[in-house]
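Coordinate analysis (summary)
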Amino acid sequence: MFASRHICYLNVSKLLSLFLILLLPGGLTKLVSGHKLTALLITNHNYPVEEHIVHTLDDYILTIYRIPTSPKHHQSNGSHKRPVVFLQHGILCASDDWIINGPETSLAYMFADAGYDVWLGNARGNTYSRQHKHIHPDTSDFWRFSWHEIGVYDLAAMLDFALAESHSSSLHFVAHSQGTTTFFVLMSSLPSYNEKVRSVHLLAPIAYMRNHSFILSKLGGLFLGSHSFLSSVLGSMELLPITGVQKMMCEHVCSVGSMFQFLCSGLLDFIGGWGTQHLNQTLLTDVCATHPAGASTSQIIHYLQLYTSGDFRQYDYGREQNEIIYQQPTPPSYNVQNIKSCVDMYYSDNDYMSAVEDVEYLATLLPCAKLYRIPYSDWNHYDFLWSSNVKEVINDRIIEKMLRYDLEHVLDKSF
């Protein structure tokens, strides 16, 4: 009994040590430019890929990717117009999320094989989008944003760009985690964008966080969940870019056959939900090589504010700044009643980030929402992307819904 308990403590200690190493700031060598893998991975699987640059209204420069067709559709020479689908990643993630599971089970490839024109977004601050027209990413001014700006600026610009390039008037939308939050932000704040989406599929959706159960959020909420001197100091900083330590860890710790591989899967369990039996362990090296992909500390602080307030609302800058920015002492709530698109939300019992009660409460506020609760009690936050059975549980279901939508709206030739 003592021996097994001792081993358990060792494993937890190693896991927390690894987490602290990843949290170390600044001094670690950044390897961002060397880890832009989306285009390479897509090409390696013989799918065509296009890289596009998108400029936002506030001058951030984003890199997004397009898979215009599939090698399984040799007869398609570009003259056949394909319906468009746009995929948006979660926090500390990137476009790689949708492809590292391989061509048979990754959603991006499956969409291309099903006849869709596939677009992969990248939010400001991640590996692919660390540029600004005037501001250098090594300055705090670059990181002065939250997921509110990602919603109203980045997501809006990327959707508009994809529609213009594909000569389409509307698209299907799929997102995971923070990608779902930015969807709620955009559609609430700029309701005209509701007209630009056909079907909407949100994996592990996050808006209200009253029942959020991640232990670090509970601790962080005590210090950063409301405006304070500490939140002002820690806001607008770069969080978790890809580093030399991470590269070493991926090569020696997360590789297949490593005696320490449990640390990599354990870290995903610690953040996303303990006990999953679904994670595809063979993906750990690829996940580690591409994650975390960087973000602003203000994105985390904004989520902690939601957890503390129990509301889905804009960033809290403190009473004085709120009066200047919002003309009121507290941040305004997002009006989710403005979301006219019918939203399919996929959620699970073992997701530390997206609690069942919060998703179901959100559904009662939306004009049109359809819920799919994953029929596995151990399914966690990252199983929506990288589980061994994600194709059967999630992907096939989404594609079937999209194909049915397009069949029922076949008269809309403009897509």
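Rules used throughout
Note that residues are indexed from 1 along each chain, following the sequence as it is written. Totals for whole chains, interfaces and linings use every residue, but because this is a predicted model, local features are given only for residues with pLDDT of at least 70 and side-chain atom pairs only at 80 or more, for both listing and counting. Hydrogens and waters are ignored; side-chain quantities use all the structure's heavy atoms. Burial here depends on accessible area, computed with a 1.4 Å probe over protein chains only, as a share of the maximum for the residue type. Under 20% is buried, over 50% is exposed, and the range in between is partly exposed. By definition, any uninterrupted DSSP run of H or I lasting at least four residues is a helix, any uninterrupted run of E lasting at least two residues is a strand, and each is numbered from the N terminus. Arc, as used here, means the arc of the directions from the helix axis to the C-beta atoms. The contact rule is simple, with two residues in contact once any of their heavy atoms fall within 4.5 Å. Between rings of Phe, Tyr and Trp, where Trp is taken as its six-membered ring, a pair exists when centres lie within 6.5 Å; planes separated by under 30 degrees are stacked, by over 60 edge-to-face, and by other angles tilted. Comment: the charge-over-ring label is applied if NZ (Lys) or CZ (Arg) is within 6 Å of the ring centre and within 35 degrees of the ring normal. Residue-level confidence of the predictor, termed pLDDT, takes values from 0 up to 100. Any two strands with at least two DSSP bridges between them are considered paired. Viewed with both strands pointing away, a crossover whose connecting path from the first strand over the helix to the second turns clockwise is right-handed.

1. Some words on helix 6 (residues 215-224)
- By the burial criterion, the buried members of helix 6 are S217, G220, G221 and L224. Projected onto a plane normal to the axis of helix 6, the buried residues spread over an arc of 110 degrees and lie on a single side. Exposed side of helix 6, more than 90 degrees from the buried face: L222 and F223 are the residues found there.
- On its buried face, helix 6 is in contact with helix 7 (229-234) and helix 11 (297-309).

2. Concerning the packing of aromatic side chains
- On inspection of all chains with the given rule, the structure shows 26 aromatic pairs.
- Measuring from ring centre to ring centre gives 6.5 Å for F270 and W274, while their planes differ by 65 degrees; the resulting arrangement is edge-to-face.
- A residue is classified by how much of its surface remains accessible, and F270, at 11% relative accessible area, is buried.
- Look at F312 and Y334: their rings are 4.6 Å apart centre to centre, the planes differ by 40 degrees, and that puts the pair in the tilted class. With F312 in the loop between helix 11 and helix 12 (319-326) and Y334 in the loop between helix 12 and strand 10 (343-347), this pair connects stretches of sequence that are 22 residues apart. As far as burial versus exposure is concerned, F312 and Y334 are alike and both buried.
- These aromatic residues form a ring-pair network of at least three members: F86, W147, F173, F183, F184, Y208, Y303, F312, Y334 and Y361.
- One residue, K196, lies across the ring of Y193, its end atom 4.2 Å from the ring centre.

3. Things to note about the confidence of the model for the chain
- Considering every residue of the chain, the mean pLDDT works out to 89; 88% of them sit at 70 or more.
- Low pLDDT, under 50, characterises residues 1-29; the predicted model gives this stretch 28 contacts beyond four residues in sequence or across chains.

4. Some thoughts on the pairing of strand 3 (residues 84-88)
- When you tally the buried positions in strand 3, you get five out of five residues, the bulk of the element.
- On strand 3, burial covers both faces: V84, F86 and Q88 on one face and V85 and L87 on the other are all buried.
- Both strand 3 and strand 4 (residues 117-120) contribute to a ladder of four bridges, which runs parallel. Opposite F86, over in strand 4, you have W119 as the bridge partner.
- In the classification by handedness, the crossover that spans strand 3, the intervening helix 3 (residues 107-113) and the parallel strand 4 is right-handed.
- With four bridges connecting them, strand 3 and strand 6 (residues 171-176) associate as parallel partners. Along strand 6, the bridge assignment pairs Q88 with A175.

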